[in-house]
Amino acid sequence: MTELIYYEDQYKKEIEAKILKIEGNRVVLDKTIFIPQTNTEPGDYGKINNMKIAGSKKEAQDIWHIFPKPIPFQEENTVKLDLDWNKRFSAMRLHSALHLLAGPFDKNFAKRAVAGALKANHAYLVFKEEIGDEIIEKALEQANKDIQNNLEIKSYWDENREGFRWTKVGDYAPIPDGGLHVKNTKEIGKISLVCKELEQGKQKITISID
Ligand SMILES: [Zn+2]
């Protein structure tokens with residue numbers, strides 16, 4: 001079982017950990033600062049004992065760290081983890097931007113996002129119906145205002161559902177979430193619209209941050 005340090009402190013850039021299991025080019029550690037890849041999350045990169053990882057993957061309660069080549073480690077070894085902080089920080093900012101933007105769509109226009117995903121340089125929200133240009137423009141404008149207003153961003157575990165997390169931006173409704181965020185909207189920067197598309201009647205809104 002891997003302790004998920006990234007949920008306790010999303011700003012932690014390095015730690016020492018112990019190797020619990022090895023299988024080919026991949027290892028399970030007793031704790032990690034690397035969030036694994038999922039369909040909606042690109043995952044972290046960085047180094048373990050100065051060797052670059054190709055990514056990490058969650059299987060049951062373990063996080064497997066994958067290397068692109070054979071590894072010199074043994075079980076019980078203590079290793080040092082160094083996070084690629086630039087990548088992580090921009091992923092956190094983009095992720096927070098996405099959650100923040102969902103807020104005014106929901107609160108001001110009763111349009112609730114039904115899906116969302118974080119990619120390497122952009123992120124998108126999906127709504128179940130088409131949304132007019134004016135609403136999109138106003139929601140973006142409100143989100144960019146909220147950035148200046150220093151809203152707090154909080155992630156927390158659900159008290160009744162084990163392993164289930166929520167993220168709440170300011171006074172907007174909390175959204176189910178497994179990702180990582182900056183602590184304050186000011187850290188986001190500025191949200192820009194990349195494109196708006198209709199896919200099978202569903203509105204997809206793609207953003208980036210500057
Ligand atoms: Zn999220």
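Thresholds applied
- Residues numbered from 1 in each chain as written.
- Predicted model: local features only at pLDDT ≥ 70, side-chain atom pairs only at ≥ 80, totals over all residues.
- Helix = DSSP H or I, 4+ residues; strand = E, 2+ residues; numbered from the N terminus.
- Buried ≥ 20, exposed ≤ 12 C-beta atoms within 10 Å, placed from the backbone.
- Pairing = 2+ DSSP bridges.
- Contact = placed C-beta atoms within 7 Å.
- Axes fitted to C-alpha atoms, helices over the stretch in contact; angles between N-to-C directions.
- Expected span 1.5 Å × (residues − 1).
- Core = buried A, V, L, I, M, F, W, Y, C linked by C-beta atoms within 7 Å.
- Domains from an automatic or database assignment.
- Nonpolar A, V, L, I, M, F, W, Y, C, P; charged D, E, K, R; others polar.

**With respect to unusual backbone geometry**
Moving on, step 1. Although it is not a glycine, alanine 110 adopts a positive phi angle of roughly 50 degrees.
Moving on, step 2. Relative to the elements of secondary structure, alanine 110 occurs in the loop between helix H2 (85–109) and strand S10 (113–118).
Moving on, step 3. Judged by local crowding, alanine 110 falls into the exposed class, with 7 C-beta atoms found within 10 Å.
Moving on, step 4. One non-glycine residue, asparagine 150, lies in positive phi territory at about 60 degrees.
Moving on, step 5. Looking at the secondary structure, you find asparagine 150 in the loop between helix H3 (133–148) and strand S12 (153–157).
Moving on, step 6. Assessed through the 11 C-beta atoms surrounding it within 10 Å, asparagine 150 is described here as exposed.

**Structural notes on the sheet that holds strand S13 (residues 165–169)**
Moving on, step 1. Here we have three strands laid out as an open sheet, ordered S12-S13-S14, and antiparallel in their pairing. Every other strand in the sheet has two partners, leaving S12 and strand S14 (175–176) as the edge strands with one partner each.
Moving on, step 2. Where S13 and S14 come together, two bridges link them in antiparallel fashion. Residue pairing across strands places threonine 167 opposite isoleucine 175, the latter belonging to S14.
Moving on, step 3. Contacts between H2 and the sheet are confined to S12, S13 and S14, with S13 contributing the most and set at about 70 degrees to the helix.

**Digging into H2**
Moving on, step 1. Here H2 contains 25 residues, and its C-alpha end-to-end distance of 36 Å stays within 8% of the 36 Å for a straight helix at 1.5 Å per residue.
Moving on, step 2. Immediately downstream of H2, the backbone of alanine 110 shows phi near 50 degrees, a positive value.

**Concerning the nonpolar core**
Moving on, step 1. By size, the foremost hydrophobic cluster in this structure holds 41 residues, and its most contacted members are Ala97, Leu98, Leu101, Leu125 and Ile207.
Moving on, step 2. Breaking this core down by element, the ones donating at least two residues are strand S3 (26–29), strand S9 (78–83), H2, S10, strand S11 (123–127), H3 and strand S16 (202–209).
Moving on, step 3. When residues of this core are assigned to their parent elements, the largest contribution, nine residues, is made by H2.
Moving on, step 4. Formed jointly, this core draws a minimum of three residues from each of two domains, domain 1 (3–83) and domain 2 (87–209).
Moving on, step 5. Ignoring anything within four residues of it in the chain, the contact list for alanine 97 reads Ala123, Ile188, Ile191, Ile207 and Ile209.

**Quick look at the pairing of strand S7 (residues 55–59)**
Moving on, step 1. Inspection of the sheet shows S7 paired to strand S8 (residues 62–66) by five bridges, in the antiparallel sense. Across the sheet, lysine 58 pairs through a bridge with isoleucine 63, a residue of S8.
Moving on, step 2. Following S7, the chain reverses through two residues before pairing antiparallel with S8; alanine 60 in that reversal takes a positive phi of roughly 50 degrees.

**Quick word on the sheet that holds strand S2 (residues 14–23)**
Moving on, step 1. As summarised here, the arrangement of the seven strands in space is S6-S5-S9-S2-S3-S8-S7, forming an open sheet in which the pairing is antiparallel. In the strand order of this sheet, the two ends are held by strand S6 (51–52) and S7, each with one partner.

**What about the domain arrangement of the protein chain?**
Moving on, step 1. Entries for the protein chain in the domain assignment read domain 1 (3–83) and domain 2 (87–209).
Moving on, step 2. Look at where the C-alpha atoms of domain 1 and domain 2 centre, and you get two points 28 Å apart.
Moving on, step 3. Between domain 1 and domain 2, the contact holds nine residues from the first and 12 residues from the second.
Moving on, step 4. Among the residues forming the side of domain 1 that touches domain 2, the class breakdown is five nonpolar, two polar and two charged.

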